[in-house]
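What follows is each chain in one-letter form.
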Amino acid sequence: MKTALTIAGSDSGGAAGLQADLRTFLTCGVHGLVAVTAVTVQNTLGVHDRADLPPHIVAGQIEAVAADMGVNAAKTGMLASAEIIRAVAEACDKAGIGRDFKTPFVVDPVAASMHGTPLFDDDGLAALRDELLPRATVLTPNLDEVRLLTGMEVTTRDQMHQAAFVLQRLGPRYVLVKGGHLKGDPECMDLLFDGSTFVELEGPRFDTPHTHGAGDTMASALTAGLSRGMPVVEAARFAKAFVSKAVENAYPMGEKVGPVSAFWRLAPE
Ligand SMILES: Nc1ncnc2c1ncn2[C@@H]1O[C@H](COP(=O)(O)OP(=O)(O)O)[C@@H](O)[C@H]1O
Ligand SMILES: Cc1ncc(COP(=O)(O)OP(=O)(O)O)c(N)n1
């Protein structure tokens, strides 16, 4: 059994965060490991409150599971603070997780919830850029995160290419720019770049308001693929196909944005 570790926050609504990651790991056939960073009070209306865990507890979880169970691939989600980011970077070095080690590391630079609530404190972005981008095997920003990390406003496919180029120079081995928020594009393309070759991951765009957890689901399917030994390009194609089906099968729940569904993979039809 292969393992995949998520270093992420808890979403009480079960749509995003570590709940989305574990559900995706399960349906992709890998054993999910968790290092919890924060607990959010969250539902379909938004993030109402949160409590961050002490950085040494986050690092302790990573080191404990790595030493005993082994980690075949890891990902980040909500990291909450610069202190937690620094603790994660140190623990990942000790556990051999990252672009310069054996264990692939997917850095999903989750900066805000889809409702617009920041999930970082003020120093978090700088710590993410300095500590985690150079350790990433794959960085998976959405277009808002591209703007935060580079200052680039992306409104076209050409600009997605330019942003991927700039981001890859900041240290990750690969950049996967997610195109879910590209307005006016009839399709939904994510772009993978390794510093020399662009791979356009094409998929249909579904007309649904229910996309809570789509980014987490994409990054965790990618992590599951890497944990099963797929090369990065194959794992990215697998993740794109997985999240497309999850968005297609998203379901309404609560008053606002419902979750995407990793369950499509378990359904008989
Ligand atoms: N309406 C949609 N139809 C199909 N795929 C989508 C749709 N919205 C997002 N996706 C896919 O879901 C994933 C997350 O995309 P995006 O919305 O850009 O990031 P985030 O969820 O982090 O804001 C990407 O793989 C993207 O292509
Ligand atoms: C605890 C927690 N982690 C991450 C998120 C971000 O999820 P969401 O708002 O749905 O955005 P994507 O998963 O689509 O990137 C969250 N809300 N809560």
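Residues numbered from 1 in each chain as written. Chains lettered and ligands numbered in written order. Predicted model: local features only at pLDDT ≥ 70, side-chain atom pairs only at ≥ 80, totals over all residues. Heavy atoms only, no water.

A. View of the sheet that holds strand β8 (residues 190-193). Strands sit in the order β3-β2-β1-β4-β5-β6-β7-β8-β9 across an open sheet of nine strands; the sheet is mixed. Both outer strands of the open sheet, β3 (46-52) and β9 (198-201), are each paired with one neighbouring strand and no more. Direction of pairing for strand β4 (residues 73-76) relative to strand β5 (residues 105-107): parallel, over a ladder of three bridges. Pairing of K75 across the sheet is with V106, part of β5. (Pairing = 2+ DSSP bridges. Helix = DSSP H or I, 4+ residues; strand = E, 2+ residues; numbered from the N terminus.)

B. How the structure looks around the packing of aromatic side chains. All told, the structure shown has four aromatic pairs when counted by the stated rule. Summarising the aromatic geometry, the rings of F165 and F193 are spaced 5.9 Å apart at their centres and angled 35° between planes, so their arrangement reads as tilted. Of this pair, F165 sits in helix α6 (residues 157-168) while F193 sits in strand β8; the two residues are 28 residues apart in sequence, bridging distant segments of the chain. One aromatic cluster is present, built from ring pairs that chain together F165, F193 and F198. (Phe/Tyr/Trp six-rings, centres within 6.5 Å; stacked < 30°, edge-to-face > 60°.)

C. Quick look at the site of ligand 2. Close to ligand 2 lie 16 residues, the nearest being Q42, M114, H212, G213 and D216. The contact in question runs from an oxygen atom of ligand 2 to an N or O atom on the backbone of A214, over 3.3 Å. Contact between ligand 2 and D216: an oxygen atom at 2.9 Å from a side-chain N or O atom of the residue. Residue assignment for the shell around ligand 2 shows that the elements contributing at least two residues are β1 (3-11) and α7 (214-227). Taken together, the residues of the shell around ligand 2 sort by class into six nonpolar, nine polar and one charged. (Near = heavy atom within 4 Å. Polar contact = N/O pair within 3.5 Å; in protein donor to acceptor, adjacent residues only side chain to side chain. Nonpolar A, V, L, I, M, F, W, Y, C, P; charged D, E, K, R; others polar.)

D. Looking closely at the side chain of E145. Inspection of the secondary structure assignment puts E145 in helix α5 (residues 143-150). Residues contacting E145, with those up to four places away along its chain left out, are D108, P109, V110, A111, T140 and K178. (Contact = heavy atoms within 4.5 Å.)

E. Representation of the UniProt feature "domain: Pyridoxamine kinase/Phosphomethylpyrimidine kinase" (unreviewed entry) in the protein within the structure. Mapped onto the present numbering, the UniProt feature "domain: Pyridoxamine kinase/Phosphomethylpyrimidine kinase" (unreviewed entry) falls at residues 11-260. Secondary structure within residues 11-260 divides into 40% helix and 17% strand; the distance between the first and last C-alpha atoms comes to 14 Å. (UniProt positions renumbered as here; feature names shortened; annotations may be inferred.)

F. A look at the environment of A74. Structurally, the position occupied by A74 is in strand β4. Exposure remark for A74: the relative accessible area of 0% places this residue in the buried category. Setting aside residues up to four positions removed in sequence, A74 forms contacts with L5, I97, T103, P104, F105, V106 and T223. (Buried < 20%, exposed > 50% of the residue type's maximum accessible area, 1.4 Å probe, protein only.)

G. Representation of the site of ligand 1. Taken together, 16 residues surround ligand 1, and among them N142, G180, H181, D190 and K240 come closest. In the environment of ligand 1, an oxygen atom lies 2.9 Å from a nitrogen or oxygen atom belonging to the side chain of K178. Between ligand 1 and H181 there is a distance of 2.6 Å, counted from an oxygen atom to a side-chain nitrogen or oxygen. Protein coverage of the free-state accessible area of ligand 1, which is 550 Å², stands at 90%. When residues of the shell around ligand 1 are traced back to their parent elements, those giving at least two are α7 and α8 (232-248). Split by residue class, the shell around ligand 1 holds seven nonpolar, five polar and four charged. (Areas by Shrake-Rupley, 256 points an atom, 1.4 Å probe, with all protein chains shown as cover.)

H. Fine view of a nonpolar patch on the surface. Where nonpolar side chains cluster on the molecular surface, the patch consists of L26, F263 and L266 and spans about 320 Å² of accessible area. On the accessibility criterion, F263 (38% relative accessible area) is partly exposed. (Patch = residues over 30% accessible without salt bridge, like charges linked within 9 Å, V, L, I, M, F, W, Y side chains within 5 Å. Salt bridge = Lys/Arg side-chain N within 4 Å of Asp/Glu carboxyl O.)

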